[in-house]
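# Structural features, examined
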Amino acid sequence: MQLRKSERSKAKIKMALQGPSGSGKTMSAILIAQGLTNGNLNKVAIIDTENGSADLYAHLGKFNVLTLDNPHSPERYIEAIEVCEKAGMEVIILDSISHCWDFLLDYHSSLAGNSFTNWNKITPRQKAFVDKILNSNSHIIATMRVKQDYVLSEKNGKMVPEKVGLKAIQRDEISYEFTIVFDIDSKHFATSSKDRTLLFEGKPQFIINIQTGKKILNWCNSTMTKEELKVKVIECNTLKELTELYQNNLDLAKTIEKDFIDKRDLLQNLINNAIKPTNGNGTTHN
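To keep things clear, this report deals only with the structure shown in the data block. (Residues numbered from 1 in each chain as written. Predicted model: local features only at pLDDT ≥ 70, side-chain atom pairs only at ≥ 80, totals over all residues. Heavy atoms only, no water.)

### With respect to the pattern of salt bridges
Taken as a whole, this structure holds seven salt bridges when the rule is applied. A salt bridge links Glu75 to Arg125, with the nearest nitrogen and oxygen atoms 2.8 Å apart. Of this pair, Glu75 sits in helix 2 (residues 74-86) while Arg125 is found in helix 4 (residues 123-135), placing the two residues 50 residues apart along the sequence. Residue class for Glu75 comes out partly exposed when judged on its relative accessible area of 38%. For Asp131, the salt bridge identified is with Lys127, shortest N-O distance 2.8 Å. Linking Asp131 with Lys127, this pair stays in helix 4, spanning four residues, or about one helical turn. Assessed through its relative accessible area of 27%, Asp131 is described here as partly exposed. (Salt bridge = Lys/Arg side-chain N within 4 Å of Asp/Glu carboxyl O. Helix = DSSP H or I, 4+ residues; strand = E, 2+ residues; numbered from the N terminus. Buried < 20%, exposed > 50% of the residue type's maximum accessible area, 1.4 Å probe, protein only.)

### Let's talk about helix 7 (residues 239-248)
When we look at burial in helix 7, the residues that qualify are Leu242, Leu245 and Tyr246. What you see down the axis of helix 7 is that its buried residues fit within an arc of 100 degrees, all on one side. Opposite its buried face, helix 7 presents the exposed residues Lys240, Gln247 and Asn248, each directed more than 90 degrees away. Summarising the contacts, the buried residues of helix 7 are in contact with helix 6 (226-235), helix 8 (250-254) and helix 9 (257-274). (Arc of directions from axis to C-beta. Contact = heavy atoms within 4.5 Å.)

### Topic: the packing of aromatic side chains
The final tally for this structure, using the stated rule, is six aromatic pairs. Look at Trp101 and Trp119: their rings are 6.1 Å apart centre to centre, the planes differ by 20 degrees, and that puts the pair in the stacked class. Taken together, the residues span a long stretch of sequence, with Trp101 in helix 3 (residues 98-110) and Trp119 in the loop between helix 3 and helix 4 at a distance of 18 residues. Relative to Phe206, the ring of Phe182 lies with its centre 5.6 Å away and its plane at 80 degrees, an arrangement referred to as edge-to-face. One end of the pair, Phe182, is in strand 7 (residues 180-184); the other, Phe206, is in strand 9 (residues 206-207), with 24 residues separating them in the sequence. No difference in accessibility class separates Phe182 from Phe206, as the two residues are buried. Feature note: the residues Phe182, Phe200 and Phe206 constitute an aromatic cluster, connected by ring pairs. (Phe/Tyr/Trp six-rings, centres within 6.5 Å; stacked < 30°, edge-to-face > 60°.)

### Quick notes on unusual backbone geometry
Geometrically, the link from Asn70 to Pro71 is a cis peptide bond, its omega value of -5 degrees lying close to zero. Within the fold, Pro71 resides in the loop between strand 3 (64-67) and helix 2. Note the cis peptide between Asp95 and Ser96, where omega equals 5 degrees. Its place among the elements puts Ser96 in the loop between strand 4 (91-95) and helix 3. Unusually for a residue other than glycine, Asn51 sits at a positive phi of about 55 degrees. Along the polypeptide, Asn51 turns up in the loop between strand 2 (44-48) and strand 3.

### Considerations on the nonpolar core
Of all hydrophobic cores here, the largest spans 29 residues; its most connected members are Met15, Leu17, Ile32, Ile93, Ile141, Phe182 and Ile216. Looking at which element gives the most residues to this core, the answer is helix 1 (residues 25-36), with five residues. Other than its neighbours up to four places away in sequence, Met15 contacts Ile32, Ile140, Ile141, Ala142, Phe178, Ile180, Phe182 and Ile216. Grouped together as the second largest cluster of nonpolar side chains are 25 residues, Leu94, Cys100, Phe129 and Ala168 included. (Core = buried A, V, L, I, M, F, W, Y, C linked by side-chain atoms within 4.5 Å.)

### Here's the deal with the layout of surface pockets
By volume, the second largest pocket is sized at about 210 Å³. Residue classes in the lining of the second largest pocket are distributed as two nonpolar, six polar and four charged. (1 Å grid on protein atoms, 1.4 Å probe; cavity = no way out; pocket = protein on both sides within 12 Å on 5 of 7 lines; lining within 4 Å. Points joined across faces, edges and corners; volume = space filled by probe spheres on them. Nonpolar A, V, L, I, M, F, W, Y, C, P; charged D, E, K, R; others polar.)

Below you can see the structure in the form of C-alpha cells.
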C-alpha cells in the first residue's frame, strides 16, 4: 500500500449518447468515431441491435457491422465486444445498450420468488457487462434510448402524474460509468450532461460532427494534466514556445486560456522594453 502522485496517461474514451428515437444517435456516434480514427472507418465497428439501422449510414464510409439478434443478454454483448476487439477495431459503437437492460428486466420479471432478492441474480450480469465496456482497449460509444419520466404529485387532493424530464432506458446509475454523456434532442442538438474531459461542460448546445471526435481524441492522447500545463506556461521564455505549447495542447489549453493570455502579455511587455529606442545617451525615451 503506497501513495503516489496522480498522473494522466493515454486513455480510451468510454462515452454515451442518449436521446429519443429519431434524434440521430447512430449517425452522431459514427461521426464521433470518424474523428476518433482520423477518418478511418475501417477501424470502426457497430454492434447493431436496432434491426439493421446502422446500414442506413453506409454512405458515410465502410465501417463494420456486427448484427446482434435476440437474446440481447449481457453475455452476448460481451461476446460481440470481444469479436470486435480481436478484429482490431479502434472504436466500438454499441447501438444500443438499452436492449441489454430490457432483457435483464424481462428476465427479472420471469423469476419466481422474492422480487428484491432476485436482483442478486441480475446485478452481477449487469456489472460484468459494464466492466467489459470500461476495461476495453477500444474506444466505446454506447447509445441509449430515453423515455419521458414521471412522478406522482398531489393536486387538489388527487395524485396525478407529472413530467420530470427524460430518463435513459438503462440502469439508473449507468451514466456515472462514462467519461462523457451527450444528451441529444429531437432536433439533433447535443449538450453534455456529464463531461470529465471538461471539453464540452457548460458549453451551449451544438450539432455533433467529426471535429467532436477529433477533440475527444486529442484529449485521450494528451498525457498532461491541467496543473502540469499551468507550470509549463510559467516556464515559457519566448512567445514562440508559448504559441507551440498552446497549439500542441489546444483543448486543454482552452480551459486555462487566461494563463496563456497573461503570460503572452508579460512576454510582449518584456520584448517591448528590451527594444525601446534610446536618445543617444544610453537613456530611453519616455
